[in-house]
Every structure is written in structure tokens, then in C-alpha cells.
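# Summary of the model geometry
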Amino acid sequence: MATMGRNTAAPLLFLNLILYILVVGFGSWCLNRFINGQTNNPGFGGNGATMFFLVFSILAGVVGVVSKFSGGNHIRAWRNDSLAAAGSSSLVAWAITALAFGLACKEINIGGHRGWRLRVLEGLIIILAFTQLLYLFLIHAGVFSSRYGPGYRDPDYGSGAPAVDPGHKGGVAAPTRV
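Residue positions are given per chain, counted from 1 along the sequence in the order it is written. Under the rules for a predicted model, residues below a pLDDT of 70 receive no local features and side-chain atom pairs below 80 are neither given nor counted, while totals for whole chains, interfaces and linings still include all residues. Hydrogens and waters are ignored; side-chain quantities use all the structure's heavy atoms.

So, about the packing of aromatic side chains. Any pair of Phe, Tyr and Trp rings, taking the six-membered ring for Trp, is counted once the centres come within 6.5 Å. Such a pair is stacked with planes under 30 degrees apart, edge-to-face with planes over 60 apart, and tilted for the rest. For the coordinates displayed, the defined rule picks out two aromatic pairs. Taking the centre distance of 6.2 Å and the plane angle of 80° together, the rings of F26 and W116 count as edge-to-face. With F26 in helix α1 (residues 3–35) and W116 in helix α4 (residues 116–139), the pair connects residues that are 90 residues apart, well separated along the chain. One residue, R117, lies across the ring of W29, its end atom 4.1 Å from the ring centre. The helix count covers DSSP runs of H or I at least four residues long, the strand count covers runs of E at least two residues long, and both are numbered beginning at the N terminus. Note on geometry: a ring has a charge over it if NZ (lysine) or CZ (arginine) is within 6 Å of the ring centre and within 35 degrees of the ring normal.

The structure is reproduced here in C-alpha cells:
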């Protein structure tokens, strides 16, 4: 039953990876147009919050893509020691995405002409703010019950009990703790 969380988190991990790659692509295009001063281009537009939104959306995209690598390793291993890396990197990616989400809402609230690529980027960030949070909850579901996956409270992890060398086949001396 421990694969219930794994089977649910794996497709969401892949979906978030694709969405974060799209965010990096659209954000890079828009930032290039903004730096070149082509904000009057009919395909771009923008307002006072655009620069800040673009910077945070690209940052969220890059951190999100990198966090999916440790998330993929955790989905493959599905152990509590890989949960720490996947959980912490996903939390940082979600926090930066939440900042970009706030700036997207501010940019929409200010209004003005925004091209279709900028509106797509805003929509991707809004979708990712929720799907990344759902993914974060799914990989931490083992904290509440071991049915859903690995948690931080496994009794044999970090207990300080003397370890037995699995490669030792026996002999005269008993294993000693150093």
C-alpha cells in the first residue's frame, strides 16, 4: 500500500516538470523582449510589475526544474532518506513559485495591454502554484500514515542502535562499535 502516494505523485511530478520547462521558455522570451525595449510590440505589452514578475517566474522555473530531478530520484527510491532532499527542494521551488504567483496577480490587477505570451506565462505560474503545492503534500503524505509512503518517523531510521555489518559472515569476534 505504500505505493499509493508514489503512483499519485509520479504523474504530477512529470506534469510539473513540463510546466516548469514551459515557464522557463516563455519567461526567457518575454524577458529578452523586455530588455530589448520592445514592450510596445503587439505580441508583448506589459506594465510596472512585468519586470519583477519575469525575474521571479524565470527563477521559479529554473529552481522548479532542478527540484524535479531530486523528486524523480525520490519517486524511484521512495525512501525516507530521499524524501528529505525532494521535500526541501520542492518546498523552495513552491515558495518561489508562490512569490511569482503574487506578482502575476498584481500584474493582472494593474491591467493594461499584455501580449498572449505574457498571459500564458501568468496562467502557467498560477497553475503551478497549486499543482506544486499538491505535489508537496503528496510526497509528505507518509508523515501522516505509512500507507501513503515514507515518513520521517520510521523506527529504524536514526535510532542510534548499533549497526551490524551486512557483509560480515561470522567469525570469532563480535562486531564492535567505533
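Next comes the rest of the account.
As for its position among the elements, S89 is in helix α3 (residues 80–110). A distance of 3.0 Å separates a polar side-chain atom of S89 from the backbone oxygen of A85. With sequence-adjacent residues up to four places away left out, S89 is seen in contact with S67 and S70. Between N or O atoms, a polar contact is any pair within 3.5 Å; within protein, one atom must be a potential hydrogen donor and the other a potential acceptor, and residues adjacent in sequence are included only when both atoms are from side chains. Any two residues whose heavy atoms approach within 4.5 Å at even a single point are treated as in contact.

Let us now look at the pattern of salt bridges. Pairing between side chains of opposite charge can happen when the charged atoms of each approach one another. Here, a salt bridge means any Lys or Arg side-chain nitrogen found within 4 Å of an Asp or Glu carboxyl oxygen. Taken as a whole, this structure holds two salt bridges when the rule is applied. Of the charged contacts in the structure, one is a salt bridge between R79 and D81, with a shortest N-O distance of 2.8 Å. Note on classification: 1.4 Å probe, protein chains only; a residue is buried when its accessible area is under 20% of the maximum for its type, exposed when over 50%, partly exposed between these limits. Given a relative accessible area of 48%, R79 falls into the partly exposed group. Overall, the relative accessible area of 35% leaves D81 in the partly exposed class. Between E122 and R114 there is a salt bridge, with its nearest N and O atoms 2.9 Å apart.

What follows is about the environment of N80. Within the secondary structure, N80 is located in helix α3. Separated by 60 residues in the primary sequence, N80 and H140 have C-alpha atoms spaced 9.9 Å apart.

Quick look at the side chain of S67 now. Relative to the helices and strands, S67 is located in helix α2 (residues 50–77). When residues no more than four places from it in sequence are discounted, the contact partners of S67 are S89, S90, A93 and Q132.

The next thing to look at is the environment of N7. Relative to the assigned elements, N7 resides in helix α1. You can call N7 exposed: its relative accessible area is 53%. Along the sequence, N7 and I75 sit 68 residues apart, while their C-alpha atoms lie 8.8 Å from each other.

Below, the discussion takes up the nonpolar core. The criterion is simple. A nonpolar core is a set of buried Ala, Val, Leu, Ile, Met, Phe, Trp, Tyr and Cys residues joined through side-chain atoms within 4.5 Å. V23, F53, L54 and L118 are the most contacted members of the largest nonpolar core, which has 19 residues in total. Mapped onto this core, the elements with two or more residues apiece are α1, α2, α3 and α4. Not counting residues up to four positions away in its chain, the partners in contact with F53 are A100, L103, A104, E107, L118, L121, E122 and I125. Counting ten residues, the second-largest nonpolar core is a separate cluster that includes I75, A86, Y135 and I139.

The values are spatial; any link to function lies outside them.
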